[in-house]
Amino acid sequence: MSEPTVRMDVRQAGGSVAVVDIKGDVTAACEPVLMSAYEEASSGGAARVLLNFTGLEYMNSGGIGMLVTLLVRAGRQHQQLAACGLSEHYREIFELTRLDEAITIYIDEASALADAAR
Amino acid sequence: MSDQAVPESVAGAEQIGLSAREAKSTVQPRDAGNWAAKVERLAVEQRDGVRGTNVAGRRLTGPVQGFGKMWEKSYSLNAGQATTPQDAIATWKAHFPEFWPKGNRFAGALAGISPGDVALLDLAMGGGVKLSTGVFVLYADQESFTLMTPQGHMFAGWITFSAESVDEATVIRAHVLMRANDPLYELGMTFGGHAKEDRFWAQTLTALGTRLGVPDPQVDTRSTCVDSHRQWRHASNIWHNAMLRSMLQTLATPFTALRRRSRPAR
């Protein structure tokens, strides 16, 4: 499998939300990076993991498949998965693949955090 | 190196009055041409050699919308140095139906496999029963393409066909991420359906390998149950079950033909 060209940084955003900042290409090759970021995000007991796609540069169908696998893992731990910072192009891909029915999409991080604080 | 003159500096988005969000939205991502445009429901054209039912008006279904356990399956073939990943995928896209096991029909667009195409399928289910359904081309680039299933198909999910270089060899792969679409299909998958699907893709990859000049192609099959839970909230997917509908359509064929014949000519 080709080398991943993605960077995922995890930070706690207050309350019970952990944010994963995704920068670069999301393909099946970055599964170990995503799963490691997810584990780090979950280690603090986050009830919601927010995937911040503001730095997303490229995504193929392998990347979408990987998000489905992540969704199953989050479901097992009774965590909610959310996404923010998607461009119109990637938002349409979430809608086309109907991932938006399981991953709540917010326009930006502030909206996601405001909703979590309610 | 290009002969074109390069300006010493380029005005940034802020200097030309664009917000960061606007600037981002005007730049097309590298994958923009690889994805199908968004569709709510599938529209199809009639194609020769297939019944072409159970597709028009259906919505696409991913693993999130399926009923059964979620499976990740991988069928791979080491083609050695017989081909490159790009050539393998180009051949697969151009001749996709030719590699399917006998008795099954795939009627795609004449141009091959392109994002947004809808292909009509007649699948041999045994006992002379044909299941009529379809697939949607979700994604296609030079090294992979992905098909997504509509409501009524046996499974909800997608299949990605890809090729890549691994240690100077070309590895060709079919990767399935799926849930059976409804309780009836789940029963069928549990009692022989998975084995049948494994044979189907192993035969397909073997046929592709033979076409590409791979001596004695061997397919490696791996299956993992990613989620053992069934999504009972999607049990009502059975309403669209293409197997049941295909059987009814087969039974109704003589009556439909009779009705057509008795209609006055316009």
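Residues numbered from 1 in each chain as written. Chains lettered and ligands numbered in written order. Predicted model: local features only at pLDDT ≥ 70, side-chain atom pairs only at ≥ 80, totals over all residues.

## Some points on the overall build of chain A
Secondary structure assignment for chain A yields four helices and five strands. Going from the N terminus to the C terminus, chain A shows its helices and strands as β-β-α-β-α-β-α-β-α. For a compact globule of 118 residues, the expected C-alpha radius of gyration is about 13 Å, and chain A comes in at 13 Å, within 12% of that figure. By principal-axis analysis of the C-alpha atoms, chain A measures approximately 40 × 30 × 25 Å. Looking at chain A alone, contacts between residues at least 24 apart form 70% of all its contacts between residues at least 6 apart. (Helix = DSSP H or I, 4+ residues; strand = E, 2+ residues; numbered from the N terminus. Rg over C-alpha atoms; globule rule 2.2 N^0.38 Å. Contact = placed C-beta atoms within 7 Å.)

## Some thoughts on the sheet that holds strand 1 (residues 6–12) of chain A
Residues and elements named next belong to chain A. Read from one edge of the open sheet, five strands run 1-2-3-4-5, paired in mixed fashion. On the outer flanks of this sheet lie strand 1 and strand 5 (104–106), each paired with one strand and no other. Each strand of the sheet is rotated relative to its neighbour by a mean of 25 degrees, with strand direction disregarded. In terms of strand pairing, strand 3 (residues 48–59) meets strand 4 (residues 80–84) through five bridges, oriented parallel. Looking across to strand 4, one finds that L50 is bridged to A82. The sheet strands contacting helix 4 (residues 109–117) are strand 2 (17–26), strand 3, strand 4 and strand 5, and the helix crosses strand 3 at an angle near 165 degrees. (Pairing = 2+ DSSP bridges. Axes fitted to C-alpha atoms, helices over the stretch in contact; angles between N-to-C directions.)

## A look at helix 2 (residues 85–94) of chain B
Residue and element names in this part refer to chain B. For helix 2, the set of buried residues is A88, I89 and W92. Down the axis of helix 2, the sector holding all buried residues measures 95 degrees, keeping them to one side. The elements touched by buried residues of helix 2 are strand 6 (144–150), strand 7 (155–166), strand 8 (169–180) and helix 3 (183–211). (Buried ≥ 20, exposed ≤ 12 C-beta atoms within 10 Å, placed from the backbone. Arc of directions from axis to C-beta.)

## Digging into the nonpolar core
Within the largest apolar cluster, 92 residues are counted, with the highest numbers of intra-cluster contacts made by V49(A) and F136(B). The element contributing the most residues to this core is strand 5 (residues 130–140) of chain B, with seven residues. If near-sequence neighbours (up to four positions away) are discounted, F136(B) is found in contact with A36(B), L42(B), L60(B), V118(B), L147(B), M148(B) and P150(B). (Core = buried A, V, L, I, M, F, W, Y, C linked by C-beta atoms within 7 Å.)

## Some remarks on the environment of E40(A)
All names here are of chain A. Tracing the sequence through the fold places E40 in helix 1 (residues 31–43). We classify E40 as partly exposed; it has 16 C-beta atoms within 10 Å. Sequence separation of E40 and R11 is 29 residues, and the distance between their C-alpha atoms is 9.0 Å.

## Let's talk about helix 1 of chain A
Every α-helix carries 3.6 residues per turn, so stepping three or four residues along brings you back to the same face. All names here are of chain A. Compared with an ideal rise of 1.5 Å per residue, which puts 13 residues at 18 Å, helix 1 spans 18 Å between its outermost C-alpha atoms and is within 8% of the ideal. L34, A37, Y38 and A41 are the residues of helix 1 that are buried. An end-on view of helix 1 places all buried positions within 100 degrees of arc, on one side of the element. Exposed residues pointing more than 90 degrees away from the buried face of helix 1 are listed as P32, E39 and S43. Remark: G45 follows helix 1 within two positions and exhibits a positive phi of approximately 80 degrees. (Expected span 1.5 Å × (residues − 1).)

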